[in-house]
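# Notes for the structure review
Letter by letter, the chains look like this.
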Amino acid sequence: MNEFQPVCKVDELVPDAGVAALMQGTQIALFYVGGEVFAMDNFDPVGRANVMSRGMTGDLNGELMVASPLQKQHYSLRSGECLDNPEIAIPVYEACIDGDWVKVRVP
């Protein structure tokens, strides 16, 4: 079973914005929204580029989401599901705040 791995300190994240990190060969996008941390693959499946960490975060009909900076699709930060097309999804990873650290479990 994979353990949570430290990625960065919480104070290195910008509220309501994303950053990219490389974990075990996978680019992930980290978001710090509403005091919670979320992690998903950084790859935009429609735009075909590693850009999700540069997307805008917000709330769409009560769902915390990030909008792709390329194609403007909206993805749930919790599930990775595309809110505009349920046939598309981005892998999400378990993330948590442990003291001063942001930790993520990537399979």
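Figured I'd write up the structure that's included with this text.

One open sheet holds the 3 strands; their spatial order is β7-β8-β9, and the pairing between them is antiparallel. The open sheet has two edge strands with one neighbour each: β7 (56–60) and β9 (74–76). Ignoring strand direction, the axes of neighbouring strands in this sheet form an average angle of 40°. Where β7 meets strand β8 (residues 63–67), 5 bridges bridge the pair, whose relative direction is antiparallel. Bridge pairing in β8 links M56 to A67.

Counting 14 residues, the largest nonpolar core has L13, I28, L30, Y93, V102, V104 and V106 as its most contacted members. Those elements that provide at least two residues to this core are β2 (18–23), β3 (26–33), β4 (36–41) and β11 (101–105). Among the elements that line this core, the one with the most residues is β3, at 3 residues. L30 has contacts with V7, C8, L13, A17, G18, V19, V37, F38, A39, V102 and V104, leaving out every residue within four places of it along the chain. Formed by 13 residues, the second largest nonpolar core is a distinct cluster that contains M40, M52, I88 and I90.

This part covers the environment of R48. Mapped onto the fold, R48 is located in the loop between β5 (43–44) and β6 (49–50). Judged by relative accessible area, R48 falls into the exposed class, the value being 59%. R48 sits 10 residues away from G58 along the chain, and the two C-alpha atoms are 22 Å apart.

Overall, antiparallel pairing links the 6 strands, which are arranged β1-β11-β10-β4-β3-β2 in an open sheet. Looking along the sheet, the strands with just one partner apiece sit at the ends: β1 (5–9) and β2. Put simply, the sheet's adjacent strands are angled 30° from each other on average, direction ignored. As defined by bridge partners, β2 adjoins β3 across 6 bridges and the pair is classed as antiparallel. Bridged to M23 within β3 is T26.

Conventions we followed
- Residues numbered from 1 in each chain as written.
- Predicted model: local features only at pLDDT ≥ 70, side-chain atom pairs only at ≥ 80, totals over all residues.
- Heavy atoms only, no water.
- Pairing = 2+ DSSP bridges.
- Helix = DSSP H or I, 4+ residues; strand = E, 2+ residues; numbered from the N terminus.
- Axes fitted to C-alpha atoms, helices over the stretch in contact; angles between N-to-C directions.
- Core = buried A, V, L, I, M, F, W, Y, C linked by side-chain atoms within 4.5 Å.
- Buried < 20%, exposed > 50% of the residue type's maximum accessible area, 1.4 Å probe, protein only.
- Contact = heavy atoms within 4.5 Å.

What is shown is where atoms sit, not what they do.
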